[in-house]
Amino acid sequence: MKSFLFLCFFSVALLAQVLSPILVQETDDNIDRKDSLSQQTSWEVLSKQQDFILEELQYISALNITRNGGPSGATSVFLRGFPSQSTSVYLGDVRLSDPSIFSRTSDPSFLPSCFIEDVSLFRGANGVSFGADATAGAIKLNPRIARENKNELRASYGTYEQRNLCLYSGRVYSKGSVAFGLSHFQTRGFSNVAQRDSAEADGAQTNSFFLNSVHQLHSKVENELFFQLGVSEFELDQDSLDDPNYRGDKEETMLSESIDLKLKKNFGIMGKAQLYSVARRDINVADSVSASSNNDDFRGKNINWEVRPYWKSQYYQGYLSYSRLLEVSENNTSSAYTSVDKTAYSNSLSTLNSFSLDKWNFELGGRYSKHEIIGENSAYQAGIKYSVLDNTFLVGRFGEGFKTPTLIQLFNTVSGQTNVRAEKSQSYDVGIEYLNSKTKWQLIYFTQDLTDRIGTDSSFKTAQIDEKITSEGVEFYFSHSFKQTLLSASYTLTDSFTEDTGASLKVPKHKFSFSAKRAFNQKFSIFTRARLVSRSYDYSNKPLLSYQVVDLGGDFQLSQNVKIFMGAENLFNRQYSTAYGYNTAGLSFQAGLQMFY
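Residues numbered from 1 in each chain as written. Predicted model: local features only at pLDDT ≥ 70, side-chain atom pairs only at ≥ 80, totals over all residues. Heavy atoms only, no water.

Participant: Any chance you could break down the overall build of the protein for me, citing the residues and the numbers?
Facilitator: Within the protein one finds 4 helices and 34 strands. The buried share of the protein, reckoned over its 597 residues, is 53%. Nonlocal contacts in the protein, meaning residues at least 24 apart in sequence, comprise 61% of its contacts between residues at least 6 apart. Total accessible area computed for the protein in this model is approximately 26400 Å², and 56% of it derives from carbon and sulfur atoms. (Helix = DSSP H or I, 4+ residues; strand = E, 2+ residues; numbered from the N terminus. Buried < 20%, exposed > 50% of the residue type's maximum accessible area, 1.4 Å probe, protein only. Contact = heavy atoms within 4.5 Å. Areas by Shrake-Rupley, 256 points an atom, 1.4 Å probe, with all protein chains shown as cover.)

Dropping the structure here:
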């Protein structure tokens, strides 16, 4: 705590010496992170034609995504070789940490692409910026903000009787904007079972609602007040025809509200409040343990609020934040392994600062957190960037993260233990990057360790796992645009292993992605993309064989207000699995239209 207070004092003292204030571009973090080594904005590699954001994320470097079968299957996100619970996924400012899951992992598979404006990837330990659960990094899915008066209707139909309908409307006013969306997705005819043809099998549907409102009030030239309200609700229904004894449904609600008061050109205060709520009901009659019925009825929520003074000038920018998180679990279930009815809170104080001197840029931050049950934790990060030539930079970064145990891990009547402590991680990055108006490339070497991992012992009780996970590797990213053509490619080498058991589960050593887009005459465009993934292993050393997937698609502007699109996924009909025992889609087609009015 003393070292953290010293860091805060150093930040304020440095601020007092900075002159010549100018306006710096706004970001959600109140600090311009575009030059930070940890962030990679990745929307340019995406086709924007997929129904769900999950299919788009598959092509981002350093990410490995697995899913238990088709739509509605459980999805896990692995970043830089760490377990899926080490990556924090956000929809705007709301952290999607599902309180009904043992390890509080995030599942973004149900999020429609038509609601997402862009994607930002924060690699390495980011516990300072994002708090608990970002021991491997964080993914921010930024909702669409209305920048013009626009209505959009998107409808598509594809293989496996896949239907999707999305309605989006945006309105811009003199004092702000409002964006609104509705989405419905339905599919039948896909089998989750490995090595099985897709006759009539699983059925799933999602219904979702989206609202994002931004308001700006002016009182004086230098005094501005911003309001932003985001509301999202998603409902998932699964009806498995393979197993008539299984039914499941899940509702998720996300609410975010922020107020940004600019007191002067280089100083302001932001307040935020977020709610993430989950209601889940699953009935599983035929399980491997007992033929008796398990009727699970779970409701949980995470409520977070934050107050953040921030400051910006020509050479320096930073913030100091105080936040409070309340976790609530309300469970009425016959399954003792998920039964929890508890609440817990944690308080955090954090700061992140960036300052520039000639060709040098420095970043320094820290977080102190006190959890009601497990006590105090802290994390620090530091970064440096040096301009060696025009548009060419050497970069280096150190970061720490921590993950607090879930309410299920702490209080479950069968497996819960309150004597566990937080997981810890450390991450080091060094690299070189080049950036100009047409070309960007980046080469990074990273190494990171995860210790004090929370898991279960031989009797299925929560326990601290006395083994270290080490992950190291190289990330390379390249993009170039010319004559209405965009080329991008990425390669990730990841060597992830534990001291006792060897290679980490579901983490391929090699991943290569390629994307090419070409526009013709302002009306017609085509794209192709491919990913090559090397073999990995699932539980009990089950092999997940290497695979290659190629997609092809295009769109044509029929008129000023109508566009049609079509595409083929898994063009060469490769059979592969990302989770052992579950099938993935073969060659599939999709076509649809977009109407603008």
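On we go.
Participant: Hey, could you go over the environment of Ser387 for me, with residue numbers and the actual values?
Facilitator: With respect to the helices and strands, Ser387 occurs in strand 19 (residues 375-389). Judged by relative accessible area, Ser387 falls into the buried class, the value being 16%. Residues Ser387 and Glu433 lie 46 residues apart in sequence; the distance between their C-alpha atoms is 9.7 Å. Beyond its immediate stretch of four places on either side in the chain, Ser387 contacts Lys359, Thr392 and Phe393. Separated by 3.2 Å, the side chain of Ser387 and the backbone oxygen of Leu389 make a polar contact. (Polar contact = N/O pair within 3.5 Å; in protein donor to acceptor, adjacent residues only side chain to side chain.)

Participant: How would you sum up the packing of aromatic side chains? Please name residues and give values.
Facilitator: The tally for this structure, following the rule as stated, stands at 14 aromatic pairs. With centroids separated by 4.9 Å and ring planes inclined at 20°, the aromatic side chains of Phe115 and Phe210 adopt a geometry described as stacked. Highlighted residues: Phe115 in the loop between strand 5 (94-95) and strand 6 (116-123) and Phe210 in strand 11 (residues 202-218), separated in sequence by 95 residues. Each member of the pair, Phe115 as well as Phe210, is classed as buried. Connected via pairs of aromatic rings, a cluster forms that spans Tyr316, Phe355, Trp360, Phe362 and Tyr386. A cation over a ring is seen here: Lys342 above Phe411, with NZ or CZ 5.3 Å from the ring centre. Over the ring of Tyr59 we find Arg531, and its NZ or CZ is 5.1 Å from the ring centre. (Phe/Tyr/Trp six-rings, centres within 6.5 Å; stacked < 30°, edge-to-face > 60°. Lys NZ or Arg CZ within 6 Å of the ring centre and 35° of its normal.)

Participant: Requested: an account of the pattern of salt bridges, with residues and values cited.
Facilitator: As enumerated under the stated definition, the model contains 19 salt bridges in all. When the shortest N-O distance is used, the salt bridge between Arg123 and Glu475 registers 3.0 Å. Residue Arg123 is found in strand 6, and its partner Glu475 is found in strand 25 (residues 469-482); the two are separated by 352 residues along the sequence. For the residue pair Arg123 and Glu475, the accessibility class agrees, reading buried in each case. Close ionic contact of Lys403 with Asp133 constitutes a salt bridge, the shortest N to O distance being 3.1 Å. (Salt bridge = Lys/Arg side-chain N within 4 Å of Asp/Glu carboxyl O.)

Participant: Explain the pairing of strand 6 to me, using residue names and the numbers behind them.
Facilitator: Of all the 8 residues making up strand 6, 6 are buried; the element is thus mostly covered by neighbouring parts of the structure. Taken together, the 7 bridges between strand 6 and strand 7 (residues 137-143) define a ladder with antiparallel strand orientation. From the neighbouring strand, Ile116 faces strand 7, where its bridge partner is Pro143. (Pairing = 2+ DSSP bridges.)

Participant: Go over unusual backbone geometry, please, and point to the residues and values.
Facilitator: Positive phi outside glycine occurs at Asp133, with the angle close to 90°. Locating Asp133 in the fold gives a position in the loop between helix 3 (127-130) and strand 7. Positive phi is not limited to glycine here, since Phe460 has a value of about 65°. Mapped onto the elements, Phe460 comes out in the loop between strand 23 (453-456) and strand 24 (462-465). Taking the relative accessible area as the measure of exposure, Phe460 reaches 55% and is therefore exposed.

Participant: Describe in detail the pairing of strand 19, supporting the description with residues and values.
Facilitator: By the bridge criterion, 12 bridges tie strand 18 (residues 360-371) to strand 19 in an arrangement that is antiparallel. Across the sheet, the residue bridging to Gly365 is Gln381, located in strand 19. Hairpin connection between strand 18 and strand 19: a loop of 3 residues separates the two successive antiparallel strands. Bridging between strand 19 and strand 20 (residues 392-403) involves 8 bridges; their strand directions are antiparallel. Following the sheet pairing, Gln381 is matched in strand 20 by Gly399. Turn length for the strand 19-strand 20 hairpin, with the two strands adjacent in sequence and antiparallel, is 2 residues, and the turn residue Asn391 shows positive phi of about 70°.

Participant: Which residues make up the environment of Ser86, and what values do they have?
Facilitator: Along the chain, Ser86 turns up in the loop between strand 3 (75-79) and strand 4 (87-91). Relative accessible area serves as the criterion here: at 0%, Ser86 is assigned to the buried category. Taking the C-alpha atoms as reference points, Ser86 and Phe402, 316 residues apart in sequence, are found 8.9 Å from one another. Look past the residues within four positions of Ser86 in its chain and what remains in contact with it is Asp133, Ala134, Thr135, Ala136, Gly137 and Leu450.

Participant: Explain a nonpolar patch on the surface residue by residue, including any values.
Facilitator: A cluster of nonpolar side chains, contributed by Leu261, Leu263, Phe267, Ile269, Trp305, Val307 and Tyr322, occupies part of the molecular surface with about 530 Å² of accessible area. Those elements that place two or more of their residues in the nonpolar patch are strand 13 (246-264), strand 14 (267-284) and strand 15 (294-312). Following the sequence through the fold, Leu263 ends up in strand 13. When its relative accessible area of 34% is taken as the criterion, Leu263 is described as partly exposed. (Patch = residues over 30% accessible without salt bridge, like charges linked within 9 Å, V, L, I, M, F, W, Y side chains within 5 Å.)

Participant: An account of the side chain of Ser536 is needed here, citing residue identities and associated values.
Facilitator: Along the polypeptide, Ser536 turns up in strand 30 (residues 536-538). Residues in contact with Ser536, not counting those within four places in the same chain, are Lys506, Val507, Pro508, Lys542, Pro543 and Leu544.

Participant: Tell me what's going on with the side chain of Arg453, and back it up with residues and numbers.
Facilitator: Relative to the elements of secondary structure, Arg453 occurs in strand 23. Note on Arg453: relative accessible area 17%, which makes it buried. Leaving out residues up to four positions away in the same chain, Arg453 has contacts with Pro83, Glu423, Ala463, Gln464, Ile465, Glu467 and Ile469.

Participant: Requested: an account of the environment of Thr470, with residues and values cited.
Facilitator: You can see Thr470 is positioned in strand 25. Residue classification places Thr470 among the buried positions, given a relative accessible area of 14%. Placed 20 residues apart in sequence, Thr470 and Leu450 show a C-alpha to C-alpha distance of 6.5 Å. Among the polar contacts made by the side chain of Thr470, one reaches the side chain of Asp449 at a distance of 3.0 Å.

Participant: Break down the confidence of the model for the protein for me, with residues and values.
Facilitator: In the predicted model, the protein carries a mean pLDDT of 81, and 83% of its residues have values of at least 70. The secondary-structure element of the protein with the lowest mean pLDDT is helix 1 (residues 2-16), recorded at 38, while strand 18 shows the highest, at 94. Counting interchain partners and residues more than four positions distant, the pLDDT-below-50 stretch residues 195-200 has 15 contacts. Scored below 50 in pLDDT, residues 283-294 makes 22 contacts in the model with residues more than four places away or belonging to other chains. (pLDDT = per-residue confidence, 0-100.)

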